[in-house]
Amino acid sequence: MKIPSVSIKQLLEAGVHLGHKTFRWNPKMSKYIFGSKNSIHIIDLVQTVELTNAALFQIHKCISSGGKILFVSTKKQAAETISKLANDTGQYHVTHRWLGGMLTNWKTISNSIKRYKKLSLDLQKDSTGFTKKENLKMGIQRDKLERSLGGIADMKKIPEMIFINDVNVESLAVKEAKKLNIPIVAIVDTNSDPTEINFPIPGNDDARRAISLYCELIKQTIEDAQKDINIKKDDDVPVIKKDKDVSTDETKNEKGKIKSKENLNKKKVITEVVKAKTKKTSILSKIKSLATKKKK
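Rules and cut-offs
- Residues numbered from 1 in each chain as written.
- Predicted model: local features only at pLDDT ≥ 70, side-chain atom pairs only at ≥ 80, totals over all residues.
- Heavy atoms only, no water.
- Helix = DSSP H or I, 4+ residues; strand = E, 2+ residues; numbered from the N terminus.
- Buried < 20%, exposed > 50% of the residue type's maximum accessible area, 1.4 Å probe, protein only.
- Contact = heavy atoms within 4.5 Å.
- Areas by Shrake-Rupley, 256 points an atom, 1.4 Å probe, with all protein chains shown as cover.
- Expected span 1.5 Å × (residues − 1).
- Salt bridge = Lys/Arg side-chain N within 4 Å of Asp/Glu carboxyl O.
- Pairing = 2+ DSSP bridges.
- Axes fitted to C-alpha atoms, helices over the stretch in contact; angles between N-to-C directions.
- Patch = residues over 30% accessible without salt bridge, like charges linked within 9 Å, V, L, I, M, F, W, Y side chains within 5 Å.
- Core = buried A, V, L, I, M, F, W, Y, C linked by side-chain atoms within 4.5 Å.
- Polar contact = N/O pair within 3.5 Å; in protein donor to acceptor, adjacent residues only side chain to side chain.

Enquirer: Help me out: how do you make sense of the overall build of the protein in this one?
Expert: When you go through the protein residue by residue, the secondary structure sums to 7 helices and 8 strands. Residue burial in the protein is summarised as follows: out of 296 residues, 38% are buried. For the protein, the share of sequence-separated contacts (at least 6 apart) that also reach a separation of at least 24 residues comes to 62%. Counting every atom, the protein has about 18800 Å² of accessible surface; 55% of that belongs to carbon and sulfur.

So, in structure tokens, the structure goes:
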């Protein structure tokens, strides 16, 4: 397990320490605030480093055990970097708009995903069989569904973990994840509520450089965890083969024994039938001989 290390210098250069203005703060974030300067709160980066390492450890644990992460951030400055991170690491993302019930009402969302896939397949054909107007309407529907569901089109079940960039903007996602007991890793700014987050990372959630730094760290941890999964698979392959060979040999031997027993039973039955027939014929012959004697 190789979790990427973060220094306070890197965080300062990315502007992670800069919070919101003092009148916009959330009192629940007071333990993560170092002080204030020019009416702007300064985040305690010592705690940020510790909590970042803890969150990265949980992400590594989730991926190495075969889990999937859903990245959520509908902010314009974060949408592109989050979607790129999810595509590069093979995870899921929501970067346009969080639809109500995306986790709690998964059956309805899965039907919408099926509709999106069907539309995309129909529009890829050379001859769709529809008019130009119908094709335009279908294209508009497909684009609309792609914006909101394109990042979770391959998601067949609820994810094992959720990463959220802004807790205030994505309050619906937080509520749904808490309802389903899905662990949340989130960037919490000075105006956020960290009590509902399982693994909070106190830091700036608006600056592009800060967001790109978070994404780079998460990308490195996921790639390392995926390497561990591949190594485990390679180690398990020969063991499984041996077990299969042993089991097949044992089953073959058992089948052979059963067949031999069946053959012996069949032979016994046949001999008994033959004996019974011979007895019947001998009795009949005796009766006939007695009958002939009486006639005489």
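There's plenty left to go through after this.
Enquirer: I keep staring at helix 4 (residues 106–124) and nothing clicks. Help me out?
Expert: One full turn of an α-helix is made of 3.6 residues, so residues set three or four places apart face in the same direction. The terminal C-alpha atoms of helix 4, which comprises 19 residues, lie 27 Å apart, in line with the 27 Å expected from a rise of 1.5 Å per residue. Among the residues making up helix 4, those that are buried are Trp106, Ile109, Ile113, Tyr116, Leu119, Ser120 and Asp122. As for helix 4, its buried residues are in contact with helix 5 (132–149).

Enquirer: So what exactly am I meant to see when it comes to the pattern of salt bridges here?
Expert: Two side chains carrying opposite charge are able to pair once their charged atoms lie near each other. Taken as a whole and judged by the stated rule, the model has 8 salt bridges. Linking Asp166 and Lys75 is a salt bridge whose minimum nitrogen-to-oxygen distance equals 2.7 Å. In this pair, Asp166 sits in the loop between strand 6 (161–164) and helix 6 (171–179) while Lys75 sits in the loop between strand 4 (69–72) and helix 3 (76–89), placing the two residues 91 residues apart along the sequence. As far as the burial class goes, Asp166 and Lys75 line up, both buried. In this structure, a network of salt bridges that share partners links the residues Lys75, Asp166, Asp205 and Asp206.

Enquirer: Before we go on, may I ask you to explain the sheet that holds strand 2 (residues 33–37) in this structure?
Expert: By definition, the strands of a sheet pair up through backbone hydrogen bonds, in either a parallel or an antiparallel sense. Strand order in the open sheet formed by 3 strands is 1-3-2, and the pairing between neighbours is antiparallel. Edge positions in the sheet fall to strand 1 (18–21) and strand 2, since each of these pairs with one other strand and no more. Averaged over all adjacent pairs, the angle separating strand axes in this sheet is 30°, with direction ignored.

Enquirer: So what exactly am I meant to see when it comes to the environment of Lys156 here?
Expert: Mapped onto the fold, Lys156 is located in the loop between helix 5 and strand 6. In the structure, Lys156 is positioned 46 residues away from Ser110 in sequence and 8.0 Å away in space, judged by C-alpha atoms.

Enquirer: It is not clear to me how unusual backbone geometry should be interpreted in this structure. Could you clarify?
Expert: Residue Asn38 is not a glycine yet carries a positive backbone phi of 55°. As for its position among the elements, Asn38 is in the loop between strand 2 and strand 3 (40–43). Asn38 gets classed as exposed once you look at its relative accessible area, which sits at 67%. If you check the backbone angles, Ser39 has positive phi at about 60° while not being a glycine. On the accessibility criterion, Ser39 (42% relative accessible area) is partly exposed.

Enquirer: It is not clear to me how a nonpolar patch on the surface should be interpreted in this structure. Could you clarify?
Expert: Residues Ile8, Leu12 and Val46 make up a contiguous nonpolar surface patch of roughly 240 Å² in combined accessible area. For Val46, a relative accessible area of 45% gives the class partly exposed.

Enquirer: Before we go on, may I ask you to explain the nonpolar core in this structure?
Expert: Where a protein is soluble and globular, its nonpolar side chains tend to be buried together. If you look at the biggest cluster of nonpolar residues, it comprises 33 residues, and the most contacted ones within it are Leu70, Trp98, Leu149, Ile152, Ile162 and Ile164. Looking at this core, the elements with two or more residues in it are strand 4, strand 5 (92–94), helix 4, helix 5, strand 6, helix 6 and strand 7 (184–188). Top element by residues in this core is helix 4. It accounts for 5 residues. Ignoring anything within four residues of it in the chain, the contact list for Leu149 reads Leu99, Met102, Ile109, Ser112 and Ile113. Counting residues in hydrophobic clusters, the runner-up holds 32 residues, among them Cys62, Ile69, Ile218 and Ile222.

Enquirer: Would you mind going over the environment of Arg142 with me for this structure?
Expert: Of note, Arg142 is situated in helix 5. Under the relative-accessibility criterion, Arg142 is labelled partly exposed at 23%. Those residues in contact with Arg142 that sit more than four places away from it in its chain are Tyr116, Leu119, Ser120 and Leu123. Only 3.1 Å separates the side chain of Arg142 from the side chain of Asp143, close enough to count as a polar contact.

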